[in-house]
Structure formats: structure tokens, C-alpha cells
Amino acid sequence: MTDTATTTLTKKDFVSDQEVRWCPGCGDYAILAAMQKYMADSGADPANTVFVSGIGCSSRFPYYMNTYGFHTIHGRAPAIATGVKVANPDLSVWIVTGDGDALSIGGNHLAHILRRNLNVNILLFNNEIYGLTKGQYSPTSPVGTKKKSTPLGSVDRPFNPIAFALGCNATFVARSVDTDAKHLTRILAAADAHQGTSFIEILQNCVIFNKDFYNKVVDRSVRADMTVDLIPGEKIVYGADKDKGLRFTASGLDTCGVDDAEVWDPSTATVSQAFAIAQLDTDPDTPKPLGIFRAVDAQIYDESVREQVQDAVSTKGEGKIEDLVYSGDRWTVG
Amino acid sequence: MTKIETPGADLPLQQLERVVIRFAGDSGDGMQITGNQFTQTSALFGNDLATLPDFPAEIRAPAGTRPGVSGFQLQFSSKDIHTPGDAPDILVAMNPAALVVNLGDLKAGGTVVVNTGAFKANDLKKAKLDKNPLEDGTLDGYRVIPVDINARVLDALVDSPLKTKDKSRCKNFYTLGLMYWLYSRPLEATITWLHEKFKKRPELVEANVLALKAGFNAGDIRELFQGQYEVPKTDELPAGTYRNMMGNDAIAMGLVAGAKMAGLTPVLGSYPITPASTILESLASYKHFGVVTMQMEDEIAAICAAIGASFSGSLGITSTSGPGMALKTEAMGLAISAEYPLVIINIQRAGPSTGMPTKVEQSDLLQAVFGRNGDAPVPVISCSRPSDAFQLTIDACRIAVQYMTPVILLSDNFIANGAEPWCLPDIESFKPFPVVFKTDPEGHQTFARNEKGARAWVKPGTPKMEFRIGGLEKDVEGNVSYDADNHQAMTNHRHNKVAAVAESIPTPELDGPDSGDLLILGWGSTVGILTQAVETVREDGASVSRMHLTHIWPFPKGLDEIFSKFKAIMVPEMNMGQLTRILRGEMPQHNFIPFTKVTGQPFLTTEVVAKIKNVLEG
């Protein structure tokens, strides 16, 4: 590198030459735009950035980013990304996945990448429906979802993606909404800054098969009362006048006035406190939590894997093939 | 049948050309260690040798039962040998189950060393025996050497601070000592090994060395055997430096060497599975060679991590066995479509499904060559023996990076766990194949191809070369394409690229005349048995030639011409005729005769000899 000023990139520099083929009105457009802008504003290097995805509508995302991209197979993006990152820890790796990709077919890999704390960012677009296969219920659809494969209503209980991630001991867990670019950008920045696996659930509108499913919480008319934003260092308050708060009690979580509201610190809160907040989802009368549920430091998988190799090389000296083959008990003939 | 009164009792001290010994006991008795120690000592002594471990999949099946029997057969010789031997000359049986399970394989008039201390009523019951085989005539016709090993070990260790249970666990080294005396083997290598193995437990070193020496001395003092044998060192092995080698270890070393020759970091994604796990374990111990290993959450994650590593510019590797291959299938298709180097190792075991995890079979060949959705060709290579696995693994790495393709390297349980002397290669003699990553964006197209049909490899991190790739069909620019002509063209490219690998592999050498009535065509771990069988029938005057395939897909060039000079080509394999099917599909003009066996055990030389004679007699 020279010390001359580097060229400042704009959002356009992160837009690939591919025609975007999501349905008109799809929430993915807003997320893509927010990401492209965030990349430019944060000074990301396209050559050093990789988007890895699985299968599904959301997984087309890498084609539209003018960075390196790998559109892989259903559910396996976390496993592929593990190899990408361990082989080159200098890369900035982003995984884009959906509720079916991450929590049905790829549930195992999602659990394990979170457990390992690989230093990557995961964006889970949750629209509570299978879009690419034309509208079957997903593992995040509420019980009773009537779709083509469940004409009498689904009977299996859904995953709460935030609770899932917390249960896997994820080190960064957050939730945002496709239509709120400002909020989403703030969460992307926090995720990007976090060292370790950053998991973001993004509520995303599928206008064809599950249109406006989230309007009961994110529609402008109700949003202030039906969502609560977890902002590090600020009190947990909500409502149009910010007059309602949440506080921890011996039995879990309780609503309260602003004065008694808890000051939220996702780096010191226990998993059970974060989990208690995540469980607000199950009650239609309580606000749906957004923002940062957890942000803690822990050992990072890709760093540790590489460190073991570097330590072995520096302790034992770099091995040569001859040393490997010409070792052990040997004897000579002739 | 004539009853031999005291068979073998009057044998003088004698030199033998070759001995086949089988150690058999409970899976907790340490028979694999005993066999491996005898092997290592015989290798260092200078014998040629071949081994056949045969153990249950259960780590500790109920003690004393027939399913819990673990065996280790070894042939050691002063001559050049190719197999672990059909029938043992001597059986060491540590308990009734081991005796009855293995006795049928013993040579007529063979010797049985039997641990009489393990033949109490309860032991017989566990082995489902109504009568004591030591007393009911079962052993008539064999030379029986009864030793109460259980008691003798405790006698030898009377002063040891170990608990009685731990003292008893030294009985395999007592047994090994006995056999070392009988075959005039030195103890030093095993003593050194014990010091290394238990360096943090000196009391275990002391007890096991004591047991080993007590066994050795017992042979001498107690005159158990009426004489000693000696198998002189062989002078038939080519000059060179040797070490004893097992197949999985050779593959692990070959991966390190292959990656170095490509100038790449080897990155293994793997999931433990019998009998492939030792490749993961060995590579994990090679970190100072720059090896990166990841034990992933499942077989799919293992291959996906390897593909991700190749995407980043490392050499992705995954190791598994048949059921794991089935799980990896979809991901292989991704690597084929995106055209990334990948080395996939399948240590075959008996199938289908879980099958018999510790038994040998060659039944994943069709899976390797054809087992994917879509037209999804990959090169397939097979090791034949521990001593060719190193070089073939390097060749798998070479093909993977030169042709930008996954390569499947097959081995099997017999090669993985069998051992033989390996003449160490001159590393300088290998021609490196360094990868050159493309960094020049000028006129670059993702799927532009070189003269081999391979696309260029671009690493993320390279400026101005950003690309998007994946499992959707792409055009030459790397853009998603559902265009009809493009799909035909890309399918042709992938097909032709793999076919072109034939240009870079040697035509196998013929063993024997280049024309005749019969060619024996083998692949994989049958090589030793087929070599021995062909030598045997030639001694009887038959003119039979032999060829062994290591590169199976694509076939090497020149086979058609070679085959055309034989009236028939017999294809022995441990499956229901999979190579025969491929050969008939590719070269229907030749007369292929399948010869199959799927018992979970290797062919016996005698079986192959009989089949050859049968075919020759028409």
C-alpha cells in the first residue's frame, strides 16, 4: 500500500452488473440497497469481501453485490463459509440465508457456526415462508399457517431465530427490519465491528406468498407500541412517547415505567436475560424486540485454528516432506 | 481322519521361509497392538510382510463373546510375498470365542497357542459353548500349546504396584513375548515403543516390559514349543530405505506432499468415520507442516468446508467412507459445477447403509464414477496397497489442481489398516505442479479454459477480479444462464475436461506376456492376492497375464489395444461386478468375465487360482 489517498467508493461500486430478479416489492431490494450503501460508507474493499449463500430467494443476494460471491447449496452456506474464512481469515465474509435455508435444511450448520464463533456475519432474512418453491410454510411460520402444503394449517411449533441463536451461545445476536434502512444500517455496522459470529435476523416481506405478515408489529401505525429497540447503553423503552419500559425481575421480565426501565448492555447481560427478552415474541400483546440482544467476546474459531498451525510451525519448525516420509523406524536393504 | 498323537512335538529347530500367524482375542485384549508390534519388529528385522487386521466395529462388544473377537493376521517371509496368507500356520487364541471363531481357518496340522486360563465355565458360556473345546476333541489334529497366560502374567508381575485388573491387561505383551521367542525376534523395538507409548506412566512401561520378557523367557525355560523357528531376513526386496506403512498413514503423508507440490495449504474438512478417521487424526498431528484440519459437524459440512477452502485458494480435502460419500454427493456436484480442485478420499467398507464398518469391500466404485445428480464426471483413482498410496494421493492432488476438478481417491479397509514394507521414495524425483493463481483482470472470463480444459483459479482478495460463482449453470462469463446451447456446451466442457485427464496418466504395465488366453484385470487392494495367484498358476505352466488399474476414471489410454490380444479378461473384485459393468459399457467388444466376492474378507489366493484354472479349462 502507498500512503496516497485511496479512492473513495460509492454505493454504485458495490452494485454488480447483474439484473436483480426478485419480485417487485420484495423486501430483499431494501436490504440489498442498505448493504451496498453500508459497504461504500464503511470503506469496505470489494476485493476483500465475500458473500456466501445457500439456496432460496435471499441466497441470490451474492449475484447482486460487486464483491466475491459464492452461491452454494441448500443450507450449507455456514459450512462453506467456515472453509472460506479458515483458509483466508483476512477476508470479510458475509453469509446470506433465509428461514428455510438456515433453520430447516441448514439448522445443523447454523447451530455449529454459532457455537464455534467463526468471525463472519450472518444475515437471516425471515419472511416465515418458502418463497422460491412457491409458498409452503417454513420453520418460522406460526402454528396454523395455511399454505399449499398445509391446507388444514401447520401443526408444528416455529423456531424463534433469536432464541435459537442465543441457545447456541452465539456471541452477537440482533434483529432488524427490511424497511428501516437506518436501523438496519446501524445493526450491520455493529455486526461488522463485532469479532466472532454476528447473527442478524432481518424481518423481510415476501409480497407474493406472505405479504405484510409482519405488519401487526412493524406497520407504521403500530410499530412504536409493538416493537422495542434494544440499544446498547440506553434504557429499554418503547411506545410513541417512549413512556413504557422493561425491567428484569426474579421471574424474568416485566413492563414498567421509564424510570424503572433497565439500561440495556448486551455485553454484560446474561444469556437468560437476552432469552427472556426474545420470548416476548410469543406474546402477541407485548412488543417484538429489535436491536442487539447479545454482543460478547469469546474465542474465535478461525483465529484459533490458524494459531495452532502457526504455533506448531514456530515450535517444531516448518516440516519438510522429507522429514515426514523419512521418519519413524526405518531399515535399509542392499 | 487319522488322529495325530502329538503333532509337531518332534520338530527340530528349523528355518522357515514364511510363517502366517494370527493373533485372536477379545476386542479388549489388545490383539491389534500385539499384531502391529510383531509386524513392526519383523519389518525392522528385515522380513517382507503383509498384514490383515480383522476386528469388530464395536469398541468393546460384550467381553468373551464371538462378536467381540478381534484378530490380526500377519505373514512374514524371507521371500518376496504379496498377501497376508490364506491359512495361518499358528493361531494364538486368548479365549474360547477366539478359538472357535478362528480355528476353521487354521492350516491342517497347524499350531494353536491357547490361553487355558480363559476356559472356565463362565468363559465357555459367553462363547456359547456347551463343552470345553480343549477337552472335547475339537483340537484333534492340531498341535496345541496350552499356556495359562492369565496366571503366568500375574506371577510375572507379583511385585508390580499395579492392581490385579491392570496386571491382567499386560497379557497381550506376555503373549507377544512368547511369539517373539518362538520366532527368534528381538524385543528391543517393542520395549522402545512401550517407553514412548507410556512415557507418562512408568509403572505401565515396567509392567508391560516385564510381561514381554516373562513371555519370552517362558518359551525358553518351559520348553513349551520343543524348538524355535527362524524366518531369515529377505534379500528379495529392492535396495532402499524402508519403513513399515499402513494405507491411511500413507494417504495422510501424500496429502501433505501433494499440497506442498502444488504450493498450497492443505485444508481438511472431515467427520470421524470408520475406517477413515485415522487420516483426520494423522493430518491433525501434522500442523507444523502447515496442515489445517477442521473436524466438522457432519459429512456434508466436512466437504463444504473443504470446498470453501478451495474457493479461498487452498487445497480442499475431505476424507470419509461409503455412507459419508453418500452424504457428500450434492456438495461434490457444486465443486464440479463451480470447477474447484478438491480431493475426496473414500476408504471403502462393506455396504450398503452402515453395512460392516470394519470389513473390506470395493463396492463404492459405481458410486464414485457415476453417483451424482446430473452429468457430473470426476476423475477416480484407487490405491492398491499401502506402498502405492503415497504416490497416488499426490497424483490425486495434481489432477485436482491441474484440471480444476474434484478427484475421488478410493482405498479400502484392507489397505487402510494393513501394513507392508514401503521403499521410501526419493522426494526429489517427484515433479512439483505449482498452482499459478490468475491476477490479471484484462480480458478475464470466469470459465475461459486452458489447453487442459481447466478454467483459471482466482483467489478472493485479488483486486478487480471479483466474481460470483455457484451451483447454477453459468456461461463463459460466469453469469447464470439457462440458455439451451450454453448448457449443452458447459456439460460437454466438463465431460471433455475429465476425459482429458487420460492424457496425463500412464498406461498400466502388463505382468506377463502381451497376448494369451487370459488377462487378470484387478483394481484396489486385491493386487497382492492376484499377483500371488498368477505366480501360482504360472508355476503350473499356465500362461496368464495380469494388469492392475490405479486410474479408473477416465481409463488410461491403450487399454483397448492391450485387451484385444487376450481371449478373455477376468475381473476379480470385492463387489457384485462393478468394474466389469463399466468396462462392458466403455469397451463392449471385449470378453470380460466377472469374478466377485462380498464376504467382507479379501479373496484367498486359492480361490483365485481355482477360478483361473476353471476359466482356462473352459
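Residues numbered from 1 in each chain as written. Chains lettered and ligands numbered in written order. Predicted model: local features only at pLDDT ≥ 70, side-chain atom pairs only at ≥ 80, totals over all residues.

Undergrad: Describe unusual backbone geometry, and please don't skip the residues or the numbers.
TA: Residue and element names in this part refer to chain B. The omega torsion of the bond from T274 to P275 falls at 0°, within 30 degrees of zero and hence cis. The topology assignment puts P275 in the loop between β10 (266-270) and α10 (277-284). A cis amide bond links W553 with the next residue in sequence, P554, at an omega value of -5°. If you trace the backbone, P554 turns up in the loop between β20 (551-553) and α18 (559-563). For M404, which is not glycine, the phi dihedral falls at a positive 50°. By the element assignment, M404 lies in the loop between α14 (386-402) and β15 (406-412). Classification of M404 as buried rests on a count of 24 C-beta atoms within 10 Å. (Helix = DSSP H or I, 4+ residues; strand = E, 2+ residues; numbered from the N terminus. Buried ≥ 20, exposed ≤ 12 C-beta atoms within 10 Å, placed from the backbone.)

Undergrad: An account of helix α2 (residues 77-87) of chain A is needed here, citing residue identities and associated values.
TA: In terms of burial, α2(A) is largely enclosed, as eleven of its eleven residues are buried. Within α2(A), the full set of buried residues consists of A:A77, A:P78, A:A79, A:I80, A:A81, A:T82, A:G83, A:V84, A:K85, A:V86 and A:A87.

Undergrad: Could you give an account of the nonpolar core, with specific residues and numbers?
TA: Grouped together as the largest cluster of nonpolar side chains are 202 residues, with contacts concentrated most on B:V256, B:I307, B:V343 and B:L409. Inspection of this core shows a minimum of three residues originating in each of domain 2 (243-429) and domain 3 (516-617) of chain B. Ignoring anything within four residues of it in the chain, the contact list for B:I307 reads A:I80, A:G83, B:G316, B:A331, B:L334, B:A335, B:Y340 and B:L342. One finds B:A24, B:M94, B:V114 and B:F119 within the second-largest nonpolar core, a separate group that totals 59 residues. (Core = buried A, V, L, I, M, F, W, Y, C linked by C-beta atoms within 7 Å. Domains from an automatic or database assignment. Contact = placed C-beta atoms within 7 Å.)

Undergrad: An account of the environment of B:H288 is requested, with residue identities and associated values reported.
TA: All names here are of chain B. Among the structural elements, H288 can be located in the loop between α10 and β11 (292-295). With 19 C-beta atoms counted inside 10 Å, the residue H288 sits in the partly exposed group. The spacing of H288 and L616 is 328 residues in sequence and 55 Å in space, taken between C-alpha atoms.

Undergrad: So what about the domain arrangement of chain B? Which residues, and what values?
TA: Residue and element names in this part refer to chain B. Segmenting chain B into domains produces domain 1 (14-230), domain 2 (243-429) and domain 3 (516-617). One C-alpha centre belongs to domain 1, the other to domain 3, and the line joining them spans 36 Å. Counting residues at the interface gives five residues for domain 1 and eight residues for domain 3. Looking at the side of domain 1 that touches domain 3 residue by residue, the class counts come to two nonpolar, two polar and one charged. (Nonpolar A, V, L, I, M, F, W, Y, C, P; charged D, E, K, R; others polar.)

Undergrad: Outline the sheet that holds β15(B), listing residues and values.
TA: Residue and element names in this part refer to chain B. The seven strands lie next to each other as β11-β10-β12-β13-β15-β14-β20, forming an open sheet whose pairing is mixed. Among the strands making up the open sheet, the edge pair consists of β11 and β20. Going from strand to strand, the sheet's axes swing by 20° on average, the running direction of each strand aside. As paired strands, strand β14 (residues 380-382) and β15 are joined by three bridges and run parallel to one another. Of the residues in β15, the one forming a bridge with S382 is L410. Contacting β10, β11, β12 (315-320) and β13 (342-348), α10 runs over the sheet at an angle of about 135° to β11. (Pairing = 2+ DSSP bridges. Axes fitted to C-alpha atoms, helices over the stretch in contact; angles between N-to-C directions.)

Undergrad: Before we move on, can you summarise the packing of helix α4 (residues 149-156) of chain B against helix α8 (residues 202-221) of chain B with the specific residues and values?
TA: Residues and elements named next belong to chain B. Axis separation between α4 and α8 bottoms out at 9 Å; the angle between their running directions is 120°. Taken together, the axis directions place α4 and α8 in an arrangement best described as oblique. Crossing geometry of α4 relative to α8 is assigned as right-handed. Contacts between α4 and α8 pair R152, V153 and A156 from the former with L210, A211, A214 and A218 from the latter. Of the residues assigned to the contact of α4 with α8, the class counts are six nonpolar, no polar and one charged. (Parallel < 35°, antiparallel > 145°, perpendicular 65-115°, else oblique. Left-handed = near helix turned anticlockwise from the far one by under 90°.)

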